[in-house]
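Examination of the molecular architecture
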Amino acid sequence: MSEKSSPIKYFLSGGFGGICTVLAGHPMDTIKVRLQTMPLPKPGEVALYSGTWDCFKKTIQKEGFRGLYKGMSAPLTGVAPIFAISFFGFGLGKKLIKSDEDQVLTKPELFAAGAFSGIFTTSIMAPGERIKCLLQIQQGGSAPQKYSGMLDCARQLYAEGGIRSIYKGSVATICRDVPASGMYFMTYEWVKEVLVPEDASAKLKMMVTIVAGGCAGIANWLVGMPADVLKSRLQTAPEGTYPNGMRDVFKQLMEREGPTALYKGVTPVMIRAFPANAACFVGFELAVKFLDWVAPNL
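Residues numbered from 1 in each chain as written. Predicted model: local features only at pLDDT ≥ 70, side-chain atom pairs only at ≥ 80, totals over all residues. Heavy atoms only, no water.

Now for the overall build of the protein. Across its full length, the protein holds nine helices and zero strands. In sequence order, the secondary structure elements of the protein are arranged as α-α-α-α-α-α-α-α-α. Relative to the globule expectation of 19 Å for 298 residues, the C-alpha radius of gyration of the protein, 20 Å, shows essentially globular dimensions. Dimensions of the protein, computed from the C-alpha atoms along their principal axes, are close to 65 × 35 × 35 Å. Put simply, the protein has 298 residues, and 51% of those count as buried. The long-range share in the protein, meaning contacts at least 24 apart out of those at least 6 apart in sequence, stands at 78%. Averaging the coordinates of the 32 positive side-chain charges in the protein and doing the same for the 24 negative ones gives two points 8 Å apart. (Helix = DSSP H or I, 4+ residues; strand = E, 2+ residues; numbered from the N terminus. Rg over C-alpha atoms; globule rule 2.2 N^0.38 Å. Buried < 20%, exposed > 50% of the residue type's maximum accessible area, 1.4 Å probe, protein only. Contact = heavy atoms within 4.5 Å. Lys, Arg positive; Asp, Glu negative; His and termini not counted. Charge placed at Lys NZ, Arg CZ, Asp CG, Glu CD.)

So, in structure tokens, the structure goes:
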């Protein structure tokens with residue numbers, strides 16, 4: 001990332017990068033949420049999905065390819081401001097840490113700036129994630145649909161429990177995003193530093209951006225996956241299921257399924273992470289270059 005770019009350019013470019021992320025990665029996100037939230041089979045019953053491929057195949061059979069993009073309206077509506085705020089937070093975090101413009105940040109300082117960005121996004125991320133997950137777990141075919149879309153879901157949630165219901169899972173969201181964002185931005189900067197020589201061509205720099213963005217996405221989810229599983233279960237559970245919130249989700253998950261359940265849905269997440277986040281950073285870097293060209297003083 002350009003050290004000379006202002007937080008405003010990070011904000012605008014991050015929004016464009018976020019749109020690229022959703023378009024590239026939403027199908028695997030749907031598979032992830034369905035695997036994370038599927039009910040445990042009773043004795044003698046077969047699990048709803050045996051794994052990533054089985055979930056993908058059954059979704060296509062019952063709902064067509066459109067089923068993989070269920071709930072995309074929520075993240076697509078919110079993703080531009082979410083990623084814009086995230087990248088803005090990272091740019092601002094770097095500015096706050098630096099004592100002068102030419103200071104090169106250490107890896108822990110980059111992690112801190114990235115973690116700082118995760119705090120910014122929760123106000124938009126939490127309700128968007130709640131709505132997205134509820135729409136994604138709706139099964140197609142002849143099964144009745146409780147929500148007809150993003151706005152209908154938001155309306156029903158508000159009617160059932162007010163703004164508190166819409167923001168259910170906010171603590172779990174921030175527990176996921178703060179450490180994961182720190183790892184995300186630190187990994188991107190580190191991989192680029194390692195792979196890009198001083199005399200690198202524009203083509204090589206773009207290839208490294210793809211690799212660094214993909215690696216950043218994988219690192220992000222390795223750190224954030226356990227909190228994401230807890231968040232998904234909390235946000236899709238009927239009211240009153242977990243009176244103590246994230247603590248009750250964790251306790252029940254440990255008792256019934258063990259620690260490995262914290263990485264349930266990790267396969268589609270990792271399949272999605274590389275291309276989706278590569279697309280994000282390519283979109284971000286292109287947007288920064290465009291803004292540097294049309295508005296050099298911004």
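With that settled, the discussion passes to the pattern of salt bridges. Within this structure, the stated rule accounts for 20 salt bridges. Glu129 is paired through a salt bridge with Lys231; the nearest N and O atoms lie 2.8 Å apart. With Glu129 in helix H4 (residues 107–136) and Lys231 in helix H7 (residues 202–236), this pair connects stretches of sequence that are 102 residues apart. Residue class for Glu129 comes out buried when judged on its relative accessible area of 10%. Lys264 serves as the salt-bridge partner of Glu257, at 2.9 Å between the closest nitrogen and oxygen. In the salt-bridge network here, residues are joined through shared partners; they are Asp29, Lys32, Glu129, Lys132, Arg176, Asp177, Asp228 and Lys231. (Salt bridge = Lys/Arg side-chain N within 4 Å of Asp/Glu carboxyl O.)

UniProt records the feature "repeat: Solcar" (unreviewed entry) at residues 5–96, 105–194 and 204–290, using the numbering of this structure. The span residues 204–290 is 79% helix and 0% strand, and its two end C-alpha atoms sit 19 Å from each other. (UniProt positions renumbered as here; feature names shortened; annotations may be inferred.)

Our focus in this paragraph is the packing of aromatic side chains. What the rule picks out here adds up to 16 aromatic pairs. Taking the centre distance of 6.5 Å and the plane angle of 25° together, the rings of Phe83 and Phe87 count as stacked. Of this pair, Phe83 and Phe87 both sit in helix H3 (residues 73–97), four residues apart, which is roughly one turn of that helix. Phe87 matches Phe83 in its accessibility class, with the two residues each being buried. The rings of Tyr10, Phe83, Phe87, Phe90, Tyr184, Phe185, Tyr188, Phe281 and Phe284 are connected pair by pair, giving a single aromatic cluster. (Phe/Tyr/Trp six-rings, centres within 6.5 Å; stacked < 30°, edge-to-face > 60°.)

Counted at 1.5 Å a residue, the expected span for H4 with its 30 residues is 44 Å, but the 36 Å between its end C-alpha atoms falls short. The sharpest bend along H4 measures roughly 55° and falls at Thr122. (Expected span 1.5 Å × (residues − 1). Bend = angle between axes of the 7 residues up to and from the residue.)

Moving on to helix H8 (residues 246–256). Within the span of H8, buried status applies to Asp248, Val249 and Leu253. Projected down its long axis, H8 carries its buried residues within an arc of 130°, all on one side. Across H8 from its buried face, at more than 90 degrees, point the exposed residues Arg247, Lys251 and Glu255. Those residues of H8 that are buried are in contact with H7. Gly258 sits one or two positions beyond H8 and adopts a positive phi of about 85°. (Arc of directions from axis to C-beta.)

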